[in-house]
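Listed below, chain by chain, are the residues.
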Amino acid sequence: GKHTVKAGIDVYRVREYEGERSNFDGTFNFSKDTLNPLDTNWAFANAAIGVYDSYSEANARWGENERQSVVEWFVQDTWKATKRLTLDLGLRWTWANQMYPHYANQQSVLALGRYNPANAPTFFVPVMSNGTRMAQNPLTGALLPQSYVGAFVPGTGNPGNGGVMSGDSTYPRGFVNQQPTHWGPRFGFAYDVFGNGKTAIRGGGAILYNPRISVWSPTSENPPAIFTPIEYYGTISTLLQTAGVLAPSNTNAFQENGKTPRNYNLSLSVQQDLGHATLLSVSYAAVLGQNLQLSYAINTVPYGSEFKHIDPTTGTPLSDNFFRPYPGYNGVTYYANGFSSNYNGLFVTLNRRFAGGLELGVSYSFSKYLDVTSGNTGIPLYQNMHNWNYGPDSSDQTHNLVVNYVYRIPNGTKVVPNRAIFRYVFDGWNLSGIAQFTTGLPTAMSFSTTDGTNLNGGGDGQRMDVCGNAYSGSIHTFNQWFNTAAFCRPGSNDPGTAGKYDVRNPGVNNIDTSLTKNFPVKGEKRYFSLRWEAYNTFNHTQFASVNTAARFQPNGLQVNALFGEVASTRAPRVMQGSLRFTF
């Protein structure tokens, strides 16, 4: 009757294999090192006689062998409620287990809840001994060459502190707790407003889930599944008699209770038949992302902490590993499903079917895409995330206008004698083209200093200070696309006031055209096709990117002469022709 019902099910069994990732074949470093008592003062000679400066080798060569099951089923009903109203109602269920390692004890991550700072290994610390910088065991006072500074004292602490191995029955199999079955409703409608087929309102909404997240590659080289000890100052002949020492390594962690990422899709449109083969559509669309997965460095030291931890032998800051939030590790990348995004767009399209020698299409979008991803510093640990990261996505384009057309040029025999030869040459030409005018994409700013001063002493990073309006004054010229005076050198302990994006690259202003004609040869079945195409037809110079890297002197003077200048252009006019014979 009025209902069309459908139902279905999808079952996926996913297997993902990755090759071994560790340094299992070992790495020799034969570099010249005056602190190496065996050094020959020449790297090639060191290699020739087997004297190494350092040697590192992983204790295992595990790869990745992942499994995941995904099951989805749905039911939907297309209901012709009235002659003027049609409803689409549906429900989709999604169940998936988290991707998990197939083999036990071959992959690992850092379980934050199991980490205990008291179990962190002890470091060799820097000291001066008889005018020479050395590494000292703080427990025994024993001295080693300075290369051991920052390495673990053997036999102290747990070098895999808080690490959890694959196959651990006391921890989630995929390092993330199992999610419940998700309900994804669908709703759509189409309404003939006046019942004459001229005006229609359409709309819909849906919740979509993404249970398939391929970020498990960071689980293969982490302790305690794999350790990579390093040995300093030895010879190849005695290598097997050494055990080496461990040092802080990178690792990864997952949000144990991370929710499945999802999108909320919404749309509403009005379509009007304007007559003369022309259709106008005005619509709104939104995509709202929730529980999106991002990563950030949770072992970043706080702002100013490097100024408080000074190496007594050099007077400069110690390595960050001596005072990180999670001692015993270097970088810790934390993957969390707690971020959002939102896209909102207004779309206007005008389409004229081919009639009277003309086909025309015009589309315009006015949109905004905001999120906390992309940008120039990553997800912050100490800064307010909304102020530091929330803003336009790197693909955000505010305005996008595209015009396409096909025009049958009036026959030339209307103005020249109507003879066979003239009809063959001057009749039947078609002109077509696409014109695009868009806003430029956001581009990140960066800066450096001539003195290389550490202004932050740690933290999430540093941006320039905004000290004016980036789009005031004489701008959008080749030498100054934006107001370069609007950006200043930040001070000490100043994270900067610049936003995620403060300027945009130049937009697109381009027209492509094509001229075509068929020349029949004794009938319509055989003919030559002539096509001449011109990209960037009017050879309009189009800037593509600008230099956004400032460089400041200690007095605050910006000295990069290219800062704010156009750095590249899009292609100039390119033309091509073709002649094809069809038979």
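Preceding this section is the structure that the text describes.
Criteria and cut-off values
- Residues numbered from 1 in each chain as written.
- Predicted model: local features only at pLDDT ≥ 70, side-chain atom pairs only at ≥ 80, totals over all residues.
- Heavy atoms only, no water.
- Helix = DSSP H or I, 4+ residues; strand = E, 2+ residues; numbered from the N terminus.
- Rg over C-alpha atoms; globule rule 2.2 N^0.38 Å.
- Buried < 20%, exposed > 50% of the residue type's maximum accessible area, 1.4 Å probe, protein only.
- Contact = heavy atoms within 4.5 Å.
- Lys, Arg positive; Asp, Glu negative; His and termini not counted.
- Charge placed at Lys NZ, Arg CZ, Asp CG, Glu CD.
- Salt bridge = Lys/Arg side-chain N within 4 Å of Asp/Glu carboxyl O.
- Phe/Tyr/Trp six-rings, centres within 6.5 Å; stacked < 30°, edge-to-face > 60°.
- Lys NZ or Arg CZ within 6 Å of the ring centre and 35° of its normal.
- Disulfide = S-S within 2.5 Å.
- Pairing = 2+ DSSP bridges.
- Axes fitted to C-alpha atoms, helices over the stretch in contact; angles between N-to-C directions.
- Polar contact = N/O pair within 3.5 Å; in protein donor to acceptor, adjacent residues only side chain to side chain.

### What about the overall build of the protein chain?
Consideration 1: Per the secondary structure count, the protein chain includes 3 helices and 33 strands.
Consideration 2: A compact globule built from 583 residues should have a C-alpha radius of gyration of about 25 Å, whereas the protein chain, at 33 Å, is more than 25% larger.
Consideration 3: Structurally, the protein chain occupies a C-alpha span of about 105 × 65 × 55 Å along its principal axes.
Consideration 4: Counting over 583 residues, the protein chain shows a buried share of 39%.
Consideration 5: Across the protein chain, the fraction of contacts at a sequence separation of at least 24, relative to all contacts at a separation of at least 6, is 74%.
Consideration 6: For the protein chain, the distance from the average position of its 43 positive side-chain charges to the average position of its 37 negative side-chain charges is 17 Å.

### A closer look at the pattern of salt bridges
A side chain with one charge may pair with a side chain of the opposite charge, provided their charged atoms come close.
Consideration 1: Per the stated rule, a full pass over the model turns up 11 salt bridges.
Consideration 2: Across the salt bridge formed by R92 and D10, the nearest N and O atoms sit 3.4 Å from each other. One end of the pair, R92, is in strand β5 (residues 85–96); the other, D10, is in strand β1 (residues 3–18), with 82 residues separating them in the sequence.
Consideration 3: With its nearest N and O atoms 3.3 Å apart, the salt bridge here joins R21 to E18.
Consideration 4: It is possible to trace a salt-bridge network through shared partners that takes in D10, E72 and R92.

### Comments concerning the packing of aromatic side chains
Consideration 1: Under the defined criterion, the tally for this structure stands at 29 aromatic pairs.
Consideration 2: For the pair F422 and F426, a centre-to-centre distance of 5.9 Å together with 20° between the ring planes defines the contact as stacked. Here F422 and its partner F426 are both found in helix α3 (residues 420–426), 4 residues apart, which amounts to about one turn of the helix.
Consideration 3: Given a relative accessible area of 26%, F422 falls into the partly exposed group.
Consideration 4: Taken together through their ring pairs, the aromatic side chains of F28, F30, Y52 and Y55 make up a single cluster.
Consideration 5: Directly above the ring of F24 sits R61, whose terminal nitrogen or CZ lies 4.0 Å from the centroid.

### Remarks on the environment of P224
Consideration 1: By the secondary structure assignment, P224 is in the loop between β13 (199–209) and β14 (230–235).
Consideration 2: For P224, a relative accessible area of 24% translates into the label partly exposed.
Consideration 3: When neighbours within four sequence positions are excluded, P224 is seen to be in contact with S108, G160, G163, V164 and M165.

### Topic: the state of the cysteines
Consideration 1: Taken as a whole and assessed by the stated rule, the structure comprises 1 disulfide.
Consideration 2: Bridging C467 to C488, the disulfide has an S-S length of 1.9 Å. Across the S-S bond of C467 and C488 the torsion is about 85°, and the bridge reads as right-handed. Remark: C488 occurs in strand β26 (residues 487–488) and C467 occurs in the loop between β25 (465–466) and β26; sequence separation between them is 21 residues.
Consideration 3: Exposure remark for C467: the relative accessible area of 41% places this residue in the partly exposed category.
Consideration 4: Judged by relative accessible area, C488 falls into the partly exposed class, the value being 26%.

### What to know about the sheet that holds strand β2 (residues 27–29)
Whether parallel or antiparallel, the strands of a sheet pair through hydrogen bonds between backbone atoms.
Consideration 1: Across the sheet, 3 strands lie side by side as β2-β3-β14; this open sheet has antiparallel pairing. A strand with exactly one partner marks an edge of an open sheet, and here the two such strands are β2 and β14. For this sheet, the mean angle separating the axes of adjacent strands, direction not counted, is 30°.
Consideration 2: As paired elements, strand β3 (residues 51–56) and β14 share 5 bridges and run antiparallel to each other. Across the sheet, Y55 pairs through a bridge with E231, a residue of β14.

### Some words on unusual backbone geometry
Consideration 1: Omega for the peptide link from P223 to P224 comes to 5°, which places this bond in the cis form.
Consideration 2: Residue N105 is not a glycine yet carries a positive backbone phi of 65°.
Consideration 3: Mapped onto the fold, N105 is located in the loop between β6 (100–101) and β7 (108–110).
Consideration 4: Residue classification places N105 among the partly exposed residues on the basis of a relative accessible area of 45%.
Consideration 5: Positive phi outside glycine occurs at Y233, with the angle close to 55°.
Consideration 6: Relative to the assigned elements, Y233 resides in strand β14.
Consideration 7: Y233 sits in the buried class, given a relative accessible area of 12%.

### Observations concerning the side chain of R324
Consideration 1: Looking at where R324 falls in the secondary structure, it is placed in the loop between β17 (278–297) and β18 (329–355).
Consideration 2: As a buried residue without a salt bridge, R324 has its nearest oppositely charged side chain in D320, at a separation of 4.3 Å.
Consideration 3: Side-chain polar atoms of R324 contact the backbone oxygen of N299, separated by 2.7 Å.

Coordinates in, geometry out; function isn't part of it.
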